[in-house]
Amino acid sequence: MSLTVYLESLGCSKNQVDAEIMLGVLNKCGYKSVDNRDGADVIIVNTCGFIEEAKEESINKIIELGQLKNKSLKALIVSGCLAERYASELLEELPEIDGILGTGNYKEIESIVNQSLQGNKGVRVGELNKIYDESLPRLYKPSAHSEYIKISDGCNNFCTYCIIPKLRGRYRSRTIEGIINEAKILAQKGVREIVLIAQDTTRYGMDIYNEYMLPNLLEELNKIDRIEWIRLLYCYPEMITDELIDKIANLDKVCKYLDIPIQHCNDRILKEMNRKTNKENIIELIKKLRSKIPGLVIRTTLIVGFPGETSEEYLELFDFVKKMQFDKLGVFKYSQEEDTPAARMPFQVSEDIKLRRQQQIMQAQQNISLDLNILRIGKVVEVMIEEKLGNSGEYLGRTKGDAPEIDGFVYVKSKAGLNIGDIVSVKISNALEYDLIGEKVDEFSE
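Here is a short report on the structure shown in this document. Since this is a predicted model, take the numbers as computed values, not measurements. (Residues numbered from 1 in each chain as written. Predicted model: local features only at pLDDT ≥ 70, side-chain atom pairs only at ≥ 80, totals over all residues. Heavy atoms only, no water.)

1. Considering the overall build of the chain
Here's step 1: A count of helical and extended segments in the chain gives 14 helices and 19 strands.
Here's step 2: On C-alpha atoms alone, the chain measures out to a radius of gyration of 22 Å, which is about the 22 Å that the 2.2 N^0.38 rule sets for 446 residues.
Here's step 3: The principal-axis extent of the C-alpha atoms belonging to the chain is close to 60 × 60 × 45 Å.
Here's step 4: A buried classification covers 56% of the 446 residues belonging to the chain.
Here's step 5: Of the contacts made within the chain by residues no fewer than 6 positions apart, 72% connect residues no fewer than 24 positions apart.
Here's step 6: Carbon and sulfur atoms provide 48% of the accessible area of the chain, an area that totals close to 19500 Å².
Here's step 7: If the 59 positive side-chain charges of the chain are averaged to one point and the 70 negative ones to another, these points end up 1 Å apart. (Helix = DSSP H or I, 4+ residues; strand = E, 2+ residues; numbered from the N terminus. Rg over C-alpha atoms; globule rule 2.2 N^0.38 Å. Buried < 20%, exposed > 50% of the residue type's maximum accessible area, 1.4 Å probe, protein only. Contact = heavy atoms within 4.5 Å. Areas by Shrake-Rupley, 256 points an atom, 1.4 Å probe, with all protein chains shown as cover. Lys, Arg positive; Asp, Glu negative; His and termini not counted. Charge placed at Lys NZ, Arg CZ, Asp CG, Glu CD.)

2. A closer look at the environment of V441
Here's step 1: Along the polypeptide, V441 turns up in strand β19 (residues 436-445).
Here's step 2: Taking the C-alpha atoms as reference, V441 lies 5.6 Å from V426; in sequence the two are 15 residues apart.

3. Quick word on the packing of aromatic side chains
Aromatic rings in a pair are described by how distant their centres are and how their planes are angled relative to each other.
Here's step 1: Taken as a whole and judged by the stated rule, the model has three aromatic pairs.
Here's step 2: Note on Y314 and F318: the rings are 6.2 Å apart at their centroids and 45° apart in plane angle, and the pair reads as tilted. Linking Y314 with F318, this pair stays in helix α13 (residues 311-324), spanning four residues, or about one helical turn.
Here's step 3: When its relative accessible area of 4% is taken as the criterion, Y314 is described as buried.
Here's step 4: A cation over a ring is seen here: K14 above Y234, with NZ or CZ 3.9 Å from the ring centre.
Here's step 5: Lying across the ring of Y257, R231 places its NZ or CZ 4.8 Å from the centre. (Phe/Tyr/Trp six-rings, centres within 6.5 Å; stacked < 30°, edge-to-face > 60°. Lys NZ or Arg CZ within 6 Å of the ring centre and 35° of its normal.)

4. What to know about the pattern of salt bridges
Opposite charge on two side chains allows them to pair when their charged atoms are near.
Here's step 1: Scanning the model with the defined rule gives 37 salt bridges in all.
Here's step 2: The salt bridge partner of K150 is D18, with a shortest N-O separation of 2.6 Å. Here K150, found in strand β7 (residues 146-150), pairs with D18, found in helix α1 (residues 13-28); they are 132 residues apart in sequence, far enough to count as distant.
Here's step 3: A salt bridge links D200 to R203; the shortest N-O distance between them is 3.8 Å.
Here's step 4: Taking the relative accessible area as the measure of exposure, R203 reaches 18% and is therefore buried.
Here's step 5: Members of the salt-bridge network, linked through shared partners, are E20, R138, K141, E147, R174 and E182. (Salt bridge = Lys/Arg side-chain N within 4 Å of Asp/Glu carboxyl O.)

5. Topic: the sheet that holds strand β6 (residues 122-124)
Here's step 1: The parallel open sheet is built from six strands, whose spatial order is β2-β1-β3-β4-β5-β6. Every interior strand has two partners, whereas the edge strands, β2 (32-33) and β6, have only one.
Here's step 2: As defined by bridge partners, strand β5 (residues 99-101) adjoins β6 across three bridges and the pair is classed as parallel. Bridging from a neighbouring strand, G99 pairs with G122 of β6.
Here's step 3: Here helix α2 (residues 52-66) sits on the sheet in contact with β1 (4-9), β3 (42-47) and β4 (75-80), set at roughly 175° to β3. (Pairing = 2+ DSSP bridges. Axes fitted to C-alpha atoms, helices over the stretch in contact; angles between N-to-C directions.)

6. Description of empty space enclosed by the protein
Here's step 1: Considering all chains together, one arrives at one cavity of 30 Å³ or more under this definition.
Here's step 2: Of the pockets and cavities examined, the largest cavity occupies roughly 30 Å³.
Here's step 3: Around the largest cavity, the lining residues are K328, N373, R376, D402, G408, F409, Y434, D435 and L436.
Here's step 4: For the lining of the largest cavity, the per-class residue count stands at three nonpolar, two polar and four charged. (1 Å grid on protein atoms, 1.4 Å probe; cavity = no way out; pocket = protein on both sides within 12 Å on 5 of 7 lines; lining within 4 Å. Points joined across faces, edges and corners; volume = space filled by probe spheres on them. Nonpolar A, V, L, I, M, F, W, Y, C, P; charged D, E, K, R; others polar.)

7. Points about the sheet that holds β7
Here's step 1: Read from one edge to the other, the open sheet built from six strands follows the order β7-β10-β11-β12-β13-β14, with strand pairing classed as parallel. With one partner strand each, in any of the chains shown, β7 and β14 (328-333) form the two edges of the open sheet. Direction aside, the axes of adjacent strands within the sheet are offset by 20° on average.
Here's step 2: Across two bridges, strand β11 (residues 229-232) lies against strand β12 (residues 254-259) in parallel orientation. Bridge assignment links L232 to a residue of β12, and that residue is L258.
Here's step 3: Along the sheet face, helix α14 (residues 351-374) touches β13 (297-304) and β14 and points at about 175° away from the line of β14.

Take a look at the structure:
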C-alpha cells in the first residue's frame with residue numbers, strides 16, 4: 001500500500017508551483033497525495049519567509065501539524081523560503097521536524113522523505129542556481145481551469161527591503177520552448193487560463209537570450225489552442241516596454257490586466273528602496289498604458305512605514321492613490337527583515353503608525369473600488385465560472401480584470417446549469433466594494 005503525503009503550501013503562487021512539483025516527484029515515486037492531513041503518513045509544510053507575518057504563520061503551521069506525530073504521522077518535512085533561510089534554527093528549535101528542503105532543492109524531495117522515514121534528519125539547502133523545467137513532473141490540480149506557469153525564479157533587483165535574492169538566488173529564466181510545452185500540456189488537461197508568474201516577469205529572457213523576451217513569449221502562447229486567457233503578474237514598471245504594451249493591447253488572448261508593484265511614489269523613498277524608477281516615470285507609464293490599452297485593469301502594491309517615511313511623504317502617497325484611481329491595490333506594512341539593507345536604516349517607523357497608514361490607504365482604495373465597480377453596472381462582461389453556490393442557481397466567477405486568489409468575484413445568477421471553467425457573458429446589475437453581481441445573458445463563449 002502506498003504511503004500517503006499531505007502538503008500545506010503557504011505564501012505566494014510561486015510557492016504553490018514548487019509544491020505541485022514536489023507532489024509530482026513523490027507521486028512518480030509511488031507516494032499518494034491526499035487532501036486530508038489526518039491519517040497522512042508524511043506531511044510537508046511549504047513555508048513562506050518573505051515578511052514577519054508570513055514567518056509567524058509558517059512556524060505556527062509547523063507546530064500545529066507536528067502535533068499529529070502523536071497519531072499516525074511518520075515524518076514532518078519543512079520546505080520553502082523559511083526552510084532555506086533558517087534550516088539549522090528550525091531543526092534546533094522544533095525537534096518534531098524530520099527533514100528540511102530549501103527553495104533550490106525541491107526535486108530532491110523523495111530523498112529527504114525516504115531519509116526521514118528511516119529515522120535520519122536530512123537537510124538540503126543552498127542550491128539557488130537551478131530552475132525547474134517541464135521534465136520535472138508536476139501534480140496539477142484535478143480538473144483545473146486556471147493554472148500558474150512560473151517562467152523564472154530568483155531576482156536581480158535587490159530592493160533594500162527584500163530578502164528574496166537570498167532566498168531564491170539570482171534571476172533564472174526558463175526557455176520559451178519549455179514554457180510553451182507546459183502550456184500545451186495544461187491546454188490538453190482542460191485549462192483555459194494561464195497566469196504567468198515570476199519575481200519579475202518583465203525581466204524574462206534577459207539572462208539566457210540577452211534581451212527581454214516576454215513579448216515574444218506572449219505571442220507564442222497566444223497561438224495555443226484551448227487556452228483563452230493569458231494573465232501577467234509582477235511586472236516591474238521600469239521594464240514595461242512599448243513592445244510589451246503593444247502585445248498586451250493586440251493579442252486577443254492576453255488579458256487587459258497588469259500587476260505593477262510600484263511600492264511607493266515619493267522619489268526619496270523609491271531611491272532608498274533601490275527602485276529603478278521615480279514618481280514622474282510612474283505617472284507617465286500609467287497614462288501611456290491607459291491610453292494604449294483601453295479598458296486596462298491595473299493592480300499595484302504599496303509599502304507603508306518604510307524606514308524614515310515622514311508624515312509628508314506618507315501623505316504624498318495617500319494623495320497619489322486617490323489621484324491615480326488604481327483598479328486594484330494592496331498595501332503592506334514594511335517588515336524589518338534581517339540581512340536586508342533597510343533593516344539597518346535609522347528611523348524605523350512604529351507598528352502603530354504603519355498599521356494606521358495601511359488602514360487609511362485601504363479605506364481610500366475601498367471607496368475607489370466601489371466607485372469604479374458602480375460604473376460597470378449595466379455592462380456585459382465575460383466571466384469565468386469558479387464555483388457553484390449551493391443549489392440556488394448562483395455561481396461565483398471572475399472577469400478578465402480579476403486575478404485568481406487576489407482580486408474580487410462576480411456573483412452570477414443563471415437559470416441554466418453552468419460548469420466550472422465555463423466562460424459566459426454576464427450583465428452586471430449591482431456592485432459591492434470589491435465584487436460584482438450579475439445575471440448570465442444568452443450570448444456566451446464555450
